[in-house]
Amino acid sequence: MAVDVLSAGKAQLPSTARSRSRRLAVRHFKLTLLLPLIALFAFLLMPVLLLQLYFSFHQWTVYLGSWSEADFVGLDLFQEVLTDPRFGWAVVRSLAFATSSTLGCFVFGFLLAYLMYKPFRGQAFFYIIFILPMLTVPVVVAYTAEMMLYQSGPINDLISKIIGVDFKPAWLSNPDIALAAVALLEIWNWTPFSFIILLAGLSAIPKEPIEAAEILGASKWRIFWEVQLPLLRPVIFLALVLRFLEAMAEFPKTWALFQGGPGSATETLPIYIFMTTWQYFQISKGGARGSNAELAFNATMVIFGIFVLKGDANAGAWYASMVQFFIGCSFAVGMMALLWPRLK
């Protein structure tokens, strides 16, 4: 009996050593991927972030002296941001633009991915065609669209011939539809991004659950709704979050086409921050607007994504806690900004 126990223990030793070696190899691989990103953040992005925070609490423009000698103003700039109606409307336009373009990219990307995930003859050709818009430089997209979206341009002419009615909206000069025009360009430009992510997710779904559902007599709709869609939830979440964050920061097409106009119809948050910083040369105000609007939002979305994509069972509780934390911080900053004149 003792001999059997000793032999079993000796047999487990190589297995334990092998599993430890495998864990070390996986950890080393993760560090190999993460360390360059951490170094990039620490040595390139972090100094820019700290400089932005410095300007947010100090009053400085390019017309003053050295930025290192700027006057400390505390939360005065944050108070100005919170009471600036132009900033509030810029946030509303950014959210409307990001939400509509993200949903459009997701819907068309999912339809293309669902048509393409099963192999067929000529699949590679269609794949290349579908991803071409994403490979086009955004400024090139904007200037090409400017030529095509004139009131008597080819787009309106083509739509008029299809519907049989004279269709000539002023895409480039009507403030009521200017933001929608940019959103349509964004959908055309970035639908391939959602398409690639969702195609990878559909291709990675195991066949066994689908085959089991087919044996049980489930229809294609029920297989899609009750088998494929639940398995795609992390992928769908990833596609939506990444596209939404990118849409919130969209700048080149909007600036190249409209520069925030007509009037202020396309003055989204990136446009407003750019104009404040580089056209009005109010560096500190631009830094405060960027800090107040972007940091808490991006941090909340990133932390939410980390816990959801990890499959943590407590992801909802973690997310609720983090949202409460950021809401509390935002509320505290807002109250301090409003009370700052009385505290000085």
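Here is what the cut-offs are and how they apply
Residues numbered from 1 in each chain as written. Predicted model: local features only at pLDDT ≥ 70, side-chain atom pairs only at ≥ 80, totals over all residues. Heavy atoms only, no water. Helix = DSSP H or I, 4+ residues; strand = E, 2+ residues; numbered from the N terminus. Buried < 20%, exposed > 50% of the residue type's maximum accessible area, 1.4 Å probe, protein only. Contact = heavy atoms within 4.5 Å. Areas by Shrake-Rupley, 256 points an atom, 1.4 Å probe, with all protein chains shown as cover. Salt bridge = Lys/Arg side-chain N within 4 Å of Asp/Glu carboxyl O. Patch = residues over 30% accessible without salt bridge, like charges linked within 9 Å, V, L, I, M, F, W, Y side chains within 5 Å. Phe/Tyr/Trp six-rings, centres within 6.5 Å; stacked < 30°, edge-to-face > 60°. Expected span 1.5 Å × (residues − 1). Core = buried A, V, L, I, M, F, W, Y, C linked by side-chain atoms within 4.5 Å. Axes fitted to C-alpha atoms, helices over the stretch in contact; angles between N-to-C directions. Parallel < 35°, antiparallel > 145°, perpendicular 65-115°, else oblique. Nonpolar A, V, L, I, M, F, W, Y, C, P; charged D, E, K, R; others polar.

### Looking at the overall build of the chain
Item 1. Helices and strands together make up the secondary structure of the chain, namely 14 helices and two strands.
Item 2. Within the chain, the proportion of its 344 residues that are buried is 35%.
Item 3. Residue pairs at least 24 apart in sequence account for 67% of intrachain contacts in the chain once pairs closer than 6 positions are excluded.
Item 4. Of the roughly 21,000 Å² that the chain leaves accessible, carbon and sulfur atoms contribute 71%.

### Re helix 12 (residues 269-279)
Residues separated by three or four positions in an α-helix point in the same direction, a consequence of the helix having 3.6 residues per turn.
Item 1. Of all 11 residues in helix 12, eight are buried, a share of seventy percent or more.
Item 2. Among the residues of helix 12, those classed as buried are Leu269, Pro270, Ile271, Tyr272, Ile273, Met275, Thr276 and Thr277.
Item 3. Backbone geometry just after helix 12 places Phe281 at a positive phi near 60 degrees.

### Some points on unusual backbone geometry
Item 1. For the bond from Gly261 to Pro262, the omega torsion is -5 degrees, close enough to zero to count as cis.
Item 2. Within the secondary structure, Pro262 sits in the loop between helix 11 (252-257) and helix 12.

### Details of the side chain of Ser194
Item 1. As for its placement among the helices and strands, Ser194 is situated in helix 7 (residues 178-203).
Item 2. The exposure class assigned to Ser194 is buried, which follows from its relative accessible area of 2%.
Item 3. When sequence neighbours within four positions are dropped, the list of residues in contact with Ser194 reads Cys105, Phe106, Gly109 and Arg243.

### What to know about the pattern of salt bridges
Item 1. With the rule as written, the count across this model stands at six salt bridges.
Item 2. Here Lys253 ties to Glu250 by a salt bridge, and the two come within 3.3 Å at their closest N and O atoms.

### Remarks on a nonpolar patch on the surface
Item 1. The grouping of Phe120, Phe125, Phe126, Tyr127, Ile128, Ile129, Leu132 and Leu135 at the surface amounts to a nonpolar patch, some 750 Å² of accessible area in total.
Item 2. In this fold, Phe120 is placed in the loop between helix 3 (85-116) and helix 4 (123-131).

### Structural notes on the packing of aromatic side chains
Item 1. Scanning all chains against the criterion turns up 19 aromatic pairs.
Item 2. For the ring pair Phe55 and Trp60, a centre distance of 5.4 Å and an interplane angle of 20 degrees mean the geometry is stacked.
Item 3. What makes Trp60 buried here is its relative accessible area of 13%.
Item 4. Plain terms: the ring middles of Tyr114 and Phe224 are 5.4 Å apart, the flat faces sit at 80 degrees to each other, and that makes the pair edge-to-face. With Tyr114 in helix 3 and Phe224 in helix 9 (residues 220-231), the pair connects residues that are 110 residues apart, well separated along the chain.
Item 5. In this structure an aromatic cluster arises from ring pairing among Phe106, Phe110, Tyr114, Tyr117, Trp221, Phe224 and Trp225.

### Remarks on the environment of Pro192
Item 1. Take Pro192: it is sitting in helix 7.
Item 2. Those residues in contact with Pro192 that lie beyond four places of it in its chain are Phe130, Ile131, Pro133 and Met134.

### A short note on helix 9
Item 1. Relative to the 16 Å expected for 12 residues at 1.5 Å per residue, helix 9 spans 15 Å between its end C-alpha atoms, a close match to the ideal helical length.
Item 2. Those residues of helix 9 lying buried are Ile223, Phe224, Val227, Gln228 and Leu229.
Item 3. Looking at the buried side of helix 9, the elements it contacts are helix 3, helix 8 (207-215) and helix 10 (233-248).

### Details of the nonpolar core
Item 1. Of all hydrophobic cores here, the largest spans 22 residues; its most connected members are Leu198 and Leu232.
Item 2. Mapped by element, the contributors of at least two residues to this core are helix 3, helix 7, helix 8, helix 9 and helix 10.
Item 3. Formed by 19 residues, the second largest nonpolar core is a distinct cluster that contains Phe97, Ala142, Ala181 and Ala256.

### Quick look at the packing of helix 9 against helix 10
Item 1. Relative to each other, helix 9 and helix 10 sit at 55 degrees, their axes nearing to 4 Å. Classified by the angle their axes make, helix 9 and helix 10 are oblique. On helix 10, the residues that touch Leu229, Pro230 and Leu231 of helix 9 are Arg233, Pro234 and Ile236.
Item 2. Of the residues assigned to the contact of helix 9 with helix 10, the class counts are five nonpolar, no polar and one charged.

### What about the environment of Ala204?
Item 1. Here Ala204 is to be found in the loop between helix 7 and helix 8.
Item 2. Of the residues examined, Ala204 reaches a relative accessible area of 60% and is grouped as exposed.
Item 3. Between the C-alpha atoms of Ala204 and Tyr117, which are 87 residues apart in sequence, the distance is 9.6 Å.

By themselves, these figures tell us nothing about what the structure is for.
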